[in-house]
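Listed below, chain by chain, are the residues.
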Amino acid sequence: MYDPAQLRTFLAVAQTLSFTRAARRLGLRQSTVSQHVRRLEDAVGRQLFLRDTHSVELTEDGEAMLGFARRILAAHEQAAAFFTGTRVRGRLRFGASEDFVLTRLPEILEGFRYDHPEVDLELTVELSGTLHEQLAGGKLDLVLAKRRPQDPHGELVWHDDLVWIGAERLRLDPERPVPLIVYPPPGITRALALEALERQGRPWRIVCTSGSLNGLVAAARAGLGVMAHSRGLIPPGLFRLPERAGLPELGRVDFVLVHGRVRASARNAADALAAALLAGGERLHRRGG
């Protein structure tokens, strides 16, 4: 029903929010990109993008099509690999940020291992900032993490608001410094939280530092302080602080897939895992069982 070429073009526009950048990424003319999107919209019978001379945004139907397009293309690639007899194999060093510890990422990885049993998958769970450093240093092949501010690299999985969270009964004293629960440097969330408080001129003090999400959650549940966290990934037992707490807005954060200088032996495996993660992206918003 849906042309894979049109779906790939749709994803490129959705990820770049630009017909020009999508055309450059795909090696197509901008008129071809527009034609692909228009034909897909005709096939769907819905408008997928709101666009004018200055901006491009996904409609609600476009957001829904993101998940469908990723799953359709992943199934298409799996079928092509099966019938052409090409087997994905090799050693793949994959890094996932601490944000996904409590999600259903393990289910996606289990499915990938089942579909590609000849891939030797090595998983590293670390802070997003550390993962980006390891990727740049050639120690990882593929990373799923928060995008660093002003960093254009990476394929968008989804974006979310950063919010302040804490125990349900936590009350902040406006006359005292904000008690912070944070990752150590180079944590991206840590840096964004401190920058926001500095801009507001709000004093703060660090009451807990941990490189483990479970450690931060334990401190927050104990009522030691507040932490900045993705709104879509709030751990159980913690709650978003209301506006009356007076804390500054934290802005948005992008979760992206970034390929490193992939060794030839790992390229196909990295592409296959990236496709699986994009296809199952909505499960990354859900807590694991």
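Note that the structure is predicted; figures quoted are calculated from it, not measured.

Criteria and cut-off values
Residues numbered from 1 in each chain as written. Predicted model: local features only at pLDDT ≥ 70, side-chain atom pairs only at ≥ 80, totals over all residues. Heavy atoms only, no water. Helix = DSSP H or I, 4+ residues; strand = E, 2+ residues; numbered from the N terminus. Buried < 20%, exposed > 50% of the residue type's maximum accessible area, 1.4 Å probe, protein only. Polar contact = N/O pair within 3.5 Å; in protein donor to acceptor, adjacent residues only side chain to side chain. Contact = heavy atoms within 4.5 Å. Axes fitted to C-alpha atoms, helices over the stretch in contact; angles between N-to-C directions. Parallel < 35°, antiparallel > 145°, perpendicular 65-115°, else oblique. Phe/Tyr/Trp six-rings, centres within 6.5 Å; stacked < 30°, edge-to-face > 60°. Core = buried A, V, L, I, M, F, W, Y, C linked by side-chain atoms within 4.5 Å. Patch = residues over 30% accessible without salt bridge, like charges linked within 9 Å, V, L, I, M, F, W, Y side chains within 5 Å. Areas by Shrake-Rupley, 256 points an atom, 1.4 Å probe, with all protein chains shown as cover. Salt bridge = Lys/Arg side-chain N within 4 Å of Asp/Glu carboxyl O. Lys, Arg positive; Asp, Glu negative; His and termini not counted. Arc of directions from axis to C-beta.

**Q** For this particular structure, what's the right way to read the side chain of Ser 210?
**A** Assignment of secondary structure puts Ser 210 in the loop between β8 (204–209) and α8 (213–221). Judged by its relative accessible area of 16%, Ser 210 falls in the buried class. In this structure the side chain of Ser 210 is engaged in a polar contact, spanning 3.1 Å, whose partner is the backbone nitrogen of Ser 212. Contacts of Ser 210, omitting those with residues within four sequence positions, involve Val 182, Tyr 183, Pro 184, Gly 215 and Leu 216.

**Q** How do you make sense of unusual backbone geometry when you look at a structure like this?
**A** What is expected of a backbone is that most residues other than glycine have negative phi and most peptide bonds are trans. With omega at 5°, the peptide bond leading from Pro 185 into Pro 186 counts as cis. Relative to the helices and strands, Pro 186 is located in the loop between β7 (178–182) and α7 (188–200). Positive phi, normally seen in glycine, also occurs at Leu 17, with a value near 50°. Within the secondary structure, Leu 17 is located in the loop between α1 (4–16) and α2 (19–26).

**Q** I would appreciate a short explanation of the packing of α1 against helix α3 (residues 30–44) in the present structure.
**A** Between two packed helices, both the angle of their axes relative to each other and the distance between the axes serve to describe the pair. Interaxial distance between α1 and α3 falls to 9 Å at its minimum, and their mutual angle equals 110°. With respect to their mutual orientation, α1 and α3 come out roughly perpendicular. Mapping the contact onto sequence places Ala 5, Gln 6, Leu 7, Thr 9, Phe 10 and Val 13 in α1 and Val 33, His 36, Val 37, Arg 39 and Leu 40 in α3.

**Q** When you look at the packing of aromatic side chains in this model, what are you seeing that I'm missing?
**A** The description of two aromatic rings rests on the distance between their centres and on the angle between their planes. For the coordinates displayed, the defined rule picks out 5 aromatic pairs. Ring geometry for Phe 10 and Phe 49: centres 5.4 Å apart, planes at 45°, overall tilted. Note that Phe 10 is positioned in helix α1 and Phe 49 in strand β1 (residues 49–51), a separation of 39 residues in sequence. Accessibility expressed as a relative area gives 0% for Phe 10, which makes it buried. Ring geometry for Phe 100 against Trp 158: centres 6.0 Å apart, planes inclined by 75°, an arrangement best described as edge-to-face. With a gap of 58 residues between them, Phe 100 in the loop between β3 (90–97) and α5 (105–115) and Trp 158 in strand β6 (residues 155–166) connect regions that are remote in the sequence. Counting every residue linked through ring pairs, the aromatic cluster contains Phe 10, Phe 19 and Phe 49.

**Q** Sorry, what's going on with the nonpolar core here?
**A** Generally speaking, nonpolar side chains in soluble globular proteins are found buried as a group. Core analysis: the biggest nonpolar cluster contains 44 residues, and Leu 144, Trp 164 and Leu 277 have the highest contact counts within it. Elements with a minimum of two residues in this core: β3, α5, β5 (142–146), β6, β7, α7, β11 (252–259) and α9 (264–279). Per-element accounting of this core gives the leading share, 7 residues, to α9. Not counting residues within four places of it along the chain, the set of residues in contact with Trp 164 comprises Leu 180, Ala 193, Leu 197, Val 226, Met 227, Ala 228, Phe 239, Arg 240, Leu 241, Leu 247, Pro 248 and Leu 250. Grouped together as the second largest cluster of nonpolar side chains are 20 residues, Leu 11, Ala 12, Ala 69 and Leu 73 included.

**Q** How should I be thinking about a nonpolar patch on the surface in this particular structure?
**A** Taken together, Val 101, Leu 123 and Val 125 make up a surface patch of nonpolar side chains, about 210 Å² in accessible area. By the element assignment, Val 125 lies in strand β4 (residues 119–126). On the accessibility criterion, Val 125 (39% relative accessible area) is partly exposed.

**Q** Would you mind showing me how to read the side chain of Glu 98 here?
**A** Summarising the element assignment, Glu 98 is placed in the loop between β3 and α5. Of the side chains with opposite charge, Lys 146 lies nearest to the buried Glu 98, which makes no salt bridge, at 9.5 Å. Polar side-chain contacts of Glu 98 include one of 2.8 Å to the backbone nitrogen of Leu 213. Contacts of Glu 98, omitting those with residues within four sequence positions, involve Val 125, Glu 126, Leu 127, Tyr 183, Gly 211, Ser 212 and Leu 213.

**Q** How should I be thinking about α2 in this particular structure?
**A** Side chains that are three or four residues apart share a direction in an α-helix, a result of its 3.6 residues per turn. Three or more residues of α2 are buried, namely Phe 19, Ala 22 and Ala 23. Take α2 and look down its axis: the buried residues cluster within an arc of 100°, on one side only. Between the side-chain oxygen of the N-cap and the backbone nitrogen of Thr 20 there are 3.3 Å, and the N-cap of α2 in question is Ser 18. Phi for Gly 27, located one or two positions after α2, is positive at around 70°.

**Q** Would you take a moment to explain the environment of Asp 151 for this structure?
**A** Locating Asp 151 in the fold gives a position in the loop between β5 and β6. Classification of Asp 151 by relative accessible area gives buried; the value is 15%. In this structure the C-alpha to C-alpha distance between Asp 151 and Tyr 2, which are 149 residues apart in sequence, comes to 33 Å.

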